[in-house]
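Residue-level listing of the chains:
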Amino acid sequence: MQPVVFSGIQPSGQITLGNYLGALKQFVSVQGDATGYYCVVDMHAITVAQEPKQLRERIFDLASLYLAVGLDPNQSTLFVQSDVKEHAELGWIMQCVAYMGELSRMTQFKEKTEGKDGVSAGLFTYPALMAADILLYQTNLVPVGDDQRQHLELTRDLALRFNTRFGETFTVPEVLLMKEGARIMSLDDPMKKMSKSNPNPASRIEMLDTPDEIRKKISRAVTDSGREVRYDPEQKAAVANLLVIYSAVSGQTIEEVIKQYEGRGYGDFKKGLAEAVVSHLEPIQQRFHEIRSSGHVIDVLHDGATRAREAAQKTIDKVKRNVGLGANRA
Ligand code: TYM
């Protein structure tokens, strides 16, 4: 049997090159060998304030991007989280399995709330909903970037705890990380991950940036005071990050890229990098615009939700039976 693969991306901003290299690219590369579920996790997005009209647009943008990078609705199930009510249902049950202590230790929660007022309760229980997303489909593998590793560990802990308490119910999933690209850093600060929610747009390359925007952002990306193109993540974190990006979008190894720029300095390297990113993204952007304006995405998402619901209902029935919920006969 093919492994079940599940992953999700929040429609909470413009999708970045980090999302693509850490997650989306993996979705496509496992597609032929897996039963894939790829979700637009809109309920996770509303853990922080979203403008409703913009949220709706971003859901369709993200789903169009799923298709544009190569996810095929005949092979993979593409859907929106809130269209499959079982996510909310199991999310609640997982909240009752998760402990306050372990949720408080999530570094993403700490980072997202530091110095903020009005933090929603949903942001705190976010990882319980994420566990529900994954466990609903009896998932074997979850392709994500490195920043989701802790959430995945918690998901495994919750699955094991549930199975021990209520009997075998869930498959315990494994994380699937890219060897390189699992953690793409900001262009303005190599100590921070590239993020769609960073207030500085120059910190990231967005999948729909124009060639000129991409060239400008890369030419302004921080490097260091040297001029040698060398892969040294400790001493030269910014250049190492650019090398990882270069390698991922060009298909060359890091060593090949270094060789190509031997003795040529950062200026040439950045120009080459910008062209490599532009030519990798151009066909994706072209497909995106065609798909986005075709009006076809809504059908893909409706069909995906129907298929996802079928699988999710089986799990939720089993969960409720095992927990003792509802008025159904045992
Ligand atoms: P989100 O929307 O923040 O990011 C989507 C995916 O992109 C990866 N990613 C990165 N990878 C490499 N470098 C980066 N700089 C970078 N930034 C983001 C993320 O690791 C992620 O794989 N909690 C999830 C959404 C989610 C989910 C799920 C994921 C909800 N339910 C179930 C998997 C399974 C999130 O916030 O992703």
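Here the structure is a predicted model, which means the values were calculated and not measured. (Residues numbered from 1 in each chain as written. Predicted model: local features only at pLDDT ≥ 70, side-chain atom pairs only at ≥ 80, totals over all residues. Heavy atoms only, no water.)

Concerning the packing of helix H9 (residues 211-220) against helix H12 (residues 265-294)
Spelled out, the test is: Comment: axis = line fitted to C-alpha atoms, over the contacting stretch for helices; angle = value between 0 and 180 degrees taken between N-to-C directions. Helix and strand assignments follow DSSP, with helices taken as H or I runs no shorter than four residues and strands as E runs no shorter than two, numbered in order from the N terminus. Left-handed describes a crossing whose near helix is turned anticlockwise from the far helix through less than a right angle; right-handed describes the clockwise counterpart. The contact definition used throughout considers only heavy atoms, calling two residues in contact when any of these lie within 4.5 Å. Classification used: nonpolar for Ala, Val, Leu, Ile, Met, Phe, Trp, Tyr, Cys and Pro, charged for Asp, Glu, Lys and Arg, polar for all others including Gly.
At a minimum axis distance of 9 Å, the contact between H9 and H12 shows a crossing angle of 150°. Both H9 and H12 take part in a crossing whose hand is right-handed. Across the interface between the two elements, Pro211, Ile214, Arg215, Ile218, Ser219 and Arg220 from H9 touch Lys270, Leu273, Ala274, Glu275, Val277, Val278, Leu281 and Glu282 from H12. For the contact of H9 with H12, the residue count by class is eight nonpolar, one polar and five charged.

Topic: the environment of aspartate 146
Worth spelling out the cut-off: Relative accessibility thresholds used throughout: buried, under 20% of the residue-type maximum; exposed, over 50%; partly exposed, between the two (1.4 Å probe, protein chains only). The term polar contact refers here to a pair of N or O atoms within 3.5 Å; inside protein, the definition further demands a hydrogen-donor-capable atom paired with an acceptor-capable atom, and it admits residues adjacent in sequence only when both atoms are side-chain atoms.
One can find aspartate 146 in the loop between strand S4 (141-143) and helix H8 (149-166). The exposure class of aspartate 146 is partly exposed, given its relative accessible area of 21%. At 2.8 Å, the side chain of aspartate 146 and the side chain of arginine 149 are in polar contact.

Regarding helix H7 (residues 121-135)
Here is the rule we go by: For a helix, the expected span equals 1.5 Å multiplied by the number of residues minus one. In this analysis the local bend is the angle between axes fitted, respectively, to the seven residues ending at and the seven residues starting at the residue.
With 15 residues, H7 should cover 21 Å at 1.5 Å per step; its first-to-last C-alpha distance of 22 Å lies within 8% of that length. For H7, the principal kink sits at proline 127 and spans about 40°. Along H7, 13 of the 15 residues are buried, which leaves the element largely enclosed by surrounding structure.

Things to note about the site of the ligand
For clarity, the threshold we go by: Proximity criterion: a residue is near a molecule or strand once any of its heavy atoms comes within 4 Å of it. The protein chains shown are the only cover counted for residues, whose accessible areas, like all others here, come from Shrake-Rupley with a 1.4 Å probe.
Around the ligand sit 27 residues, and of these Tyr126, Asp133, Asp147, Ile184 and Lys196 come closest. The separation between a nitrogen atom of the ligand and a polar side-chain atom of aspartate 133 is 2.7 Å. Within the contact set of the ligand, an oxygen atom lies 2.8 Å away from a backbone nitrogen or oxygen of glycine 145. With the chains in place, 97% of the 710 Å² that the ligand exposes on its own is no longer accessible. Elements that contribute at least two residues to the shell around the ligand include exactly strand S1 (4-9), helix H1 (17-30) and H7.

As for the domain arrangement of the protein
By a widespread convention, an interface's size corresponds to the accessible area lost as its parts come together. Threshold: Domain segmentation is taken from an automatic or database assignment of domains. When two components associate, each loses some accessible surface as probed by a 1.4 Å sphere; the sum of these losses over both components is called the buried area. Within this document, salt bridges are pairs made up of a side-chain nitrogen of Lys or Arg and a carboxyl oxygen of Asp or Glu, the two lying within 4 Å of each other.
Parsing the protein into structural domains produces domain 1 (4-177 + 295-323) and domain 2 (201-289). Inter-centroid distance (C-alpha atoms) of domain 1 to domain 2 is 30 Å. At the junction of the two partners, domain 1 supplies 12 residues and domain 2 supplies 14 residues. Interface area, domain 1 with domain 2, both sides summed: about 1,200 Å², of which 75% is carbon and sulfur. A per-residue breakdown of the area domain 1 buries against domain 2 is headed by Leu17, Tyr20 and Ala68, which together make up 41% of the total. Taken together, the connections running from domain 1 to domain 2 amount to zero salt bridges. Counting every contact that joins domain 1 to domain 2 gives five residue pairs in polar contact (both at pLDDT 80 or more). When residues of the side of domain 1 that touches domain 2 are traced back to their parent elements, those giving at least two are H1 and helix H3 (52-68). When the residues that make up the side of domain 1 that touches domain 2 are grouped by side-chain class, the tally is seven nonpolar, three polar and two charged.

A few points about the packing of H3 against helix H13 (residues 297-323)
In plain terms, the rule: Should an angle fall under 35 degrees it is taken as roughly parallel, and over 145 as roughly antiparallel, whereas 65 to 115 is taken as roughly perpendicular and any remaining angle as oblique.
Contact geometry of H3 with H13 gives a least axis separation of 10 Å together with a crossing angle of 85°. In terms of orientation, H3 and H13 fall into the roughly perpendicular class. On H13, the residues that touch Phe60, Ala63, Ser64 and Leu67 of H3 are Val297, Ile298, Val300 and Leu301. For the contact of H3 with H13, the residue count by class is seven nonpolar, one polar and no charged.

Re the nonpolar core
As a reminder, the rule being used: By nonpolar core is meant a set of buried Ala, Val, Leu, Ile, Met, Phe, Trp, Tyr and Cys residues that side-chain atoms within 4.5 Å join together.
Membership of the largest hydrophobic core comes to 60 residues, with the highest contact counts inside it found for Leu17, Leu24, Tyr66, Phe269 and Val277. With 11 residues, the single largest contributor to this core is H12. In terms of domain composition, this core takes at least three residues from each of domain 1 (4-177 + 295-323) and domain 2 (201-289). Sequence-distant contacts of phenylalanine 269, defined by excluding residues within four places in its chain, comprise Val229, Val239, Leu242, Leu243, Tyr246, Val257 and Tyr261. Judged by nonpolar contacts, the second largest core, of 39 residues, contains Cys39, Ala131, Tyr137 and Ile316.

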